Amino acid sequence: SAVISQKPSRDICQRGTSLTIQCQVDSQVTMMFWYRQQPGQSLTLIATANQGSEATYESGFVIDKFPISRPNLTFSTLTVSNMSPEDSSIYLCSVTRGDRATDTQYFGPGTRLTVL
Amino acid sequence: GQSLEQPSEVTAVEGAIVQINCTYQTSGFYGLSWYQQHDGGAPTFLSYNGLDGLEETGRFSSFLSRSDSYGYLLLQELQMKDSASYFCAVEKIIFGKGTRLHILP
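In every chain, residue numbers begin from 1 and rise along the written sequence. For naming, the first written chain is A and the first written ligand is 1, with later ones following in the order written. Since the coordinates come from a predicted model, pLDDT governs what is reported: local features require at least 70, and pairs of side-chain atoms require 80 or more to be given and counted, while whole-chain, interface and lining totals use all residues. As a rule here, side-chain values cover all heavy atoms of the structure and leave hydrogens and water aside.

The subject of this paragraph is the state of the cysteines. Residues and elements named next belong to chain B. By disulfide we mean two sulfur atoms from cysteines, separated by a distance within 2.5 Å. A full pass over the atoms with the stated rule returns two disulfides over all chains. The partner cysteine of cysteine 22 in its disulfide is cysteine 88, sulfur to sulfur 2.1 Å. Note on the cysteine 22 and cysteine 88 pair: the S-S dihedral is about 75 degrees, so by sign convention the disulfide is right-handed. Of the two residues, cysteine 22 is situated in strand 3 (residues 18–25) and cysteine 88 in strand 9 (residues 84–90); the sequence distance between them amounts to 66 residues. Taken as a pair, cysteine 22 and cysteine 88 share a single burial class, namely buried. Numbering of helices and strands runs from the N terminus, with a helix taken as a DSSP run of H or I at least four residues long and a strand as a DSSP run of E at least two residues long. Only protein chains enter the accessibility calculation, which uses a 1.4 Å probe; a residue whose area is less than 20% of its type maximum is buried, one above 50% is exposed, and one in between is partly exposed.

Printed below as a string of structure tokens:
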């Protein structure tokens, strides 16, 4: 298994500011994913972050708005830049140990972001 | 466009069997995943089907038919703790809207 922690667990931010969310895993993993989820809604993949390479962003998400760092095999950050109320959501970090589709995917507890 | 369809809600009785269906329309399909999420909790990965057929893990089984673009999650011997939302997903990228499973005592 993999134990994932996220910081902060929740935050309330003002419009126009930025927030960096940290994701720490208790052991080395190959793939790290960032999702967002509105309460009661589905998950939306923002980007996939692999160590040593640029993050791969899904359609509708851009690096300027959601810059991601992946400095090593146990840590990643997601920044939500120039926030607006539409960015209010739960942001989830997720990992797999390997890069096979069959690898178990583990999720962090999430960061609940509210933008005023 | 790419989409996955699953029922929004399903209700079943404790001890019974329930099937949650998922049909998909995507490009570049490789496999179907299933996740469980309790209210206020993080998703939990349940299973992945990369090939046609049935995969069994304890009380949970998952099935895939790529020719029909269809899969399902089968939950047996339902317990109250199985009350949760269940999501199907293509790879780890495109998720269905989720099926909320209600279990009656």
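Residues and elements named next belong to chain B. Among the seven residues that make up strand 9, seven are buried, leaving the element largely enclosed by the rest of the structure. DSSP calls a pair of strands paired once it identifies at least 2 bridges connecting them. Pairing between strand 4 (residues 32–37) and strand 9: six bridges, direction antiparallel. Among the inter-strand pairings, glutamine 37 is bridged to a residue of strand 9, identified as serine 85. By the bridge criterion, three bridges tie strand 9 to strand 11 (residues 99–104) in an arrangement that is antiparallel.

A few words now on the sheet that holds strand 8 (residues 75–80) of chain A. All names here are of chain A. Sheet architecture is open: four strands sit in the order 1-3-8-7, paired in antiparallel fashion. Edge positions in the open sheet fall to strand 1 (4–7) and strand 7 (68–72), since each of these has one partner strand only. With direction set aside, neighbouring strand axes in the sheet form an average angle of 15 degrees. Two strands pair when backbone bridges link them, and strand 3 (residues 19–25) and strand 8 are joined in this way by six bridges, in the antiparallel orientation. Bridge pairing links cysteine 23 to serine 76 in strand 8. The angle between two axes is taken between their N-to-C directions and runs from 0 to 180 degrees, where each axis is a line fitted to C-alpha atoms and a helix contributes only its stretch in contact.

Moving on, we get to the side chain of B:Ser33. Residues and elements named next belong to chain B. One can find serine 33 in strand 4. Residue serine 33 is classed as buried on the basis of its relative accessible area of 1%. At a separation of 3.4 Å, a polar atom in the side chain of serine 33 contacts the main-chain carbonyl oxygen of glutamate 91. Aside from chain neighbours lying at most four places away, what touches serine 33 is Phe45, Ser47, Tyr48, Phe87, Cys88, Ala89 and Glu91. A 3.5 Å cut-off defines polar contacts: any pair of N or O atoms within that distance qualifies, except that in protein one atom must be a possible hydrogen donor and the other a possible acceptor, and neighbouring residues in sequence count only when both atoms are side-chain atoms. It only takes one pair of heavy atoms within 4.5 Å for two residues to be counted as in contact.

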